[in-house]
Amino acid sequence: MSLNSNNPFLNSKRFSTAVSKSEEINQATIIDYNDEMTISGTINKSLLLFMILIGSATVIWWLTFNGMNPLVPAIGGAVIGLVLVLIAAFKPQYSPYLAPGYAIFEGLFIGAVSAIFEALYPGIVLQAVGATFVTFMICLGLYKYKIVQVNEQFKSVVIAATLAIGTYYLISWLLSMFTSFVPVHHGNSWISIGISVFVIVIASLNLFLDFDRIEKGAQEKMPKYMEWYGAMGLMITLVWLYIEFLRLLSKLNSKN
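The numbers attached to residues start from 1 for each chain and follow its sequence in the written order. Selection of residues for local features in this predicted model requires a pLDDT of at least 70, selection of side-chain atom pairs for listing and counting requires 80 or more, and totals for whole chains, interfaces and linings are taken over all residues. Derived side-chain values reflect all non-hydrogen atoms in the structure, with water molecules and hydrogen atoms excluded from consideration.

Comments concerning the overall build of the protein
Reasoning step 1: Each helix is a run of DSSP H or I of at least 4 residues and each strand a run of E of at least 2, with the numbering of both proceeding from the N terminus. The helix and strand inventory of the protein stands at nine helices and zero strands.
Reasoning step 2: The secondary structure elements of the protein, listed N-terminal to C-terminal, are α-α-α-α-α-α-α-α-α.
Reasoning step 3: Relative to its full complement of 256 residues, the protein shows a buried share of 46%.
Reasoning step 4: Contacts spanning at least 24 positions in sequence make up 84% of the contacts within the protein whose residues lie at least 6 apart.
Reasoning step 5: Within the structure as shown, the protein displays about 13100 Å² of accessible surface, and the carbon and sulfur contribution to it stands at 71%. Only protein chains enter the accessibility calculation, which uses a 1.4 Å probe; a residue whose area is less than 20% of its type maximum is buried, one above 50% is exposed, and one in between is partly exposed. Any two residues whose heavy atoms approach within 4.5 Å at even a single point are treated as in contact. Method for areas: the Shrake-Rupley scheme with a 1.4 Å probe, in which residue coverage is limited to the protein chains shown.

And the structure:
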């Protein structure tokens, strides 16, 4: 069984819910190039979503530093964003409407969380943004020039590691909710810092899987709405990477 991206928006099962244009050809359907998924179209939609996210985050950032409680938009944005993710995961054809909404509410979450970290550690947000951007560009370059080959073994290892991280976070959260258990990744110990570095590496490797699935979707001539679906999935990975950089930098700053 082929393993593609661990990102729920970019895995092979979700992409297979849309009929590819190559399959439509076999069904003697008239093809319109403007209705096909393209890499350039996905890039454009990714940029648009990030502009929406940044705009939403900026508003919350400004409101937070003008006296608003950031917990409300942080929790609200996270919950509504998760709901939109789940809907899109089962109904990718609605992505053109769900993706912009997700960007708005994810922006509320990111803006609130960023404001909290910035208040605790001035300058940390700019550092995290820079680290995320540099990581993205490096991964994109490595993928574009085929320095990193996304084969089945690579996919299997990254997916297994990502699932392990998700399971660990879930179990740790449940234990901390109902017991006095303190997860080892909390605090600023060297073990905690090491875990953050490991998670950042795995999040970065997920970018290669995302690039690969988007490229494959374009090659398979998926429907146009899959551009929104792919862009939304890529944004999920980058947001995850940004949050992990914030966590790592906060741990390093707290040791000083």
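Some points on the packing of helix α6 (residues 124-144) against helix α8 (residues 190-219)
The packing of two helices is summarised by the inter-axis angle and the distance between the axes.
Reasoning step 1: To get an axis, a line is fitted to the C-alpha atoms, and for a helix only the part in contact is used. The angle between two axes follows their N-to-C directions and goes from 0 to 180 degrees. Two elements in contact, α6 and α8, have axes whose closest approach is 10 Å; the angle formed by their N-to-C orientations is 50°. Comparing their axes, α8 and α6 come out oblique. Crossing of α6 against α8: the hand is right-handed. Residues Thr135, Phe136, Cys139, Leu140, Leu142 and Tyr143 of α6 form the contact with α8, whose participating residues are Ser204, Leu207, Phe208, Phe211, Asp212 and Glu215.
Reasoning step 2: The class makeup of the residues in the contact of α6 with α8 is eight nonpolar, two polar and two charged. Working rule for angles: under 35 degrees goes down as roughly parallel, over 145 as roughly antiparallel, 65 to 115 as roughly perpendicular, anything else as oblique. Put simply, a crossing is left-handed when the front helix is turned counterclockwise from the back one by less than a right angle, and right-handed when it is turned clockwise. The nonpolar class holds Ala, Val, Leu, Ile, Met, Phe, Trp, Tyr, Cys and Pro. Asp, Glu, Lys and Arg form the charged class, and all remaining residues, Gly among them, are polar.

Quick notes on the environment of Lys155
Reasoning step 1: Checked against the element boundaries, Lys155 lands in helix α7 (residues 152-178).
Reasoning step 2: Between the alpha carbons of Lys155 and Leu209 there is a distance of 6.8 Å; along the sequence they are 54 residues apart.

Digging into the packing of helix α5 (residues 95-120) against helix α9 (residues 226-255)
Reasoning step 1: As a packed pair, α5 and α9 sit with axes 10 Å apart at the nearest point and diverge in direction by 10°. Judged on the interaxial angle alone, α9 and α5 are roughly parallel.
Reasoning step 2: Across the contact of α5 with α9, the residue classes break down as 19 nonpolar, three polar and one charged.

Looking at the pattern of salt bridges
Reasoning step 1: Think of a salt bridge as a Lys or Arg side-chain nitrogen and an Asp or Glu carboxyl oxygen that are within 4 Å of each other. Evaluation of the coordinates by the stated rule reveals eight salt bridges.
Reasoning step 2: A salt bridge links Glu244 to Arg247, with the shortest nitrogen-to-oxygen separation between them at 3.6 Å. Here Glu244 pairs with Arg247, and both are found in helix α9, just three residues apart, close to one helical turn.
Reasoning step 3: Residue classification places Arg247 among the partly exposed positions, given a relative accessible area of 23%.
Reasoning step 4: Each of Glu152, Lys155, Asp212 and Lys216 takes part in a single network of salt bridges with overlapping partners.

Here's the deal with the side chain of Ser204
Reasoning step 1: Position of Ser204 relative to the elements: it lies in helix α8.
Reasoning step 2: Two N or O atoms count as a polar contact when they lie within 3.5 Å, although within protein this holds only if one can serve as hydrogen donor and the other as acceptor, and sequence-adjacent residues are included solely when both atoms are side-chain atoms. In this structure the side chain of Ser204 is engaged in a polar contact, spanning 2.8 Å, whose partner is the backbone oxygen of Ile200.
Reasoning step 3: Ignoring any residue separated from it by four or fewer positions in sequence, one finds Ser204 in contact with Thr135, Cys139 and Leu241.

Considerations on α6
Reasoning step 1: For α6, which comprises 21 residues, the first-to-last C-alpha distance of 30 Å matches the rise-based estimate of 30 Å (1.5 Å per residue) to within 8%.
Reasoning step 2: On its buried face, α6 sits against α3 (39-64), α5, α8 and α9.
Reasoning step 3: Directly beyond the C-terminal end of α6, a positive phi value near 60° is found at Lys146. A helix is expected to span 1.5 Å for every residue after the first.

Details of the nonpolar core
Reasoning step 1: We define the nonpolar core as a collection of buried residues of types Ala, Val, Leu, Ile, Met, Phe, Trp, Tyr and Cys that are connected through side-chain atoms lying within 4.5 Å of one another. With 51 residues, the main nonpolar core has Leu49, Leu207 and Leu246 as its most contacted residues.
Reasoning step 2: Listed by contribution, the elements that provide at least two residues to this core are α3, α4 (71-90), α5, α6, α7, α8 and α9.
Reasoning step 3: In terms of residues, this core owes the most to one element, α9, which gives 17 residues.
Reasoning step 4: Leaving out residues up to four positions away in the same chain, Leu49 has contacts with Ala99, Pro100, Ala103, Trp228, Ala231, Met232 and Met235.

Describing the packing of aromatic side chains
Reasoning step 1: Each Phe, Tyr or Trp ring, with Trp reduced to its six-membered ring, pairs with another whose centre is within 6.5 Å; inter-plane angles below 30 degrees give stacked pairs, above 60 give edge-to-face pairs, and intermediate values give tilted ones. One pass over the full model with this rule turns up five aromatic pairs.
Reasoning step 2: With centroids separated by 5.8 Å and ring planes inclined at 40°, the aromatic side chains of Tyr168 and Tyr169 adopt a geometry described as tilted.
Reasoning step 3: By way of ring pairs, the aromatic residues Phe136, Tyr143 and Phe211 are connected into one cluster.
Reasoning step 4: Taking NZ or CZ as reference, Lys146 lies 5.0 Å from the ring centre of Tyr143, over its face. A ring has a charge above it when a Lys NZ or an Arg CZ is no more than 6 Å from the ring centre and no more than 35 degrees off the ring normal.

Quick notes on a nonpolar patch on the surface
Reasoning step 1: What goes into a patch is any residue over 30% in relative accessible area without a salt bridge, connected to like charges within 9 Å or, for nonpolar side chains (Val, Leu, Ile, Met, Phe, Trp, Tyr), within 5 Å. On the surface, Leu71, Ile75, Val79, Ile80, Val83, Ile87, Tyr94, Tyr97, Ile116 and Leu120 cluster together into a nonpolar patch covering about 960 Å² of accessible area.
Reasoning step 2: If you list the elements that add at least two residues to the nonpolar patch, you get α4 and α5.
Reasoning step 3: Of the residues forming the nonpolar patch, the biggest block, six residues, is contributed by α4.

Scope: geometric values only; no functional claims are made or implied.
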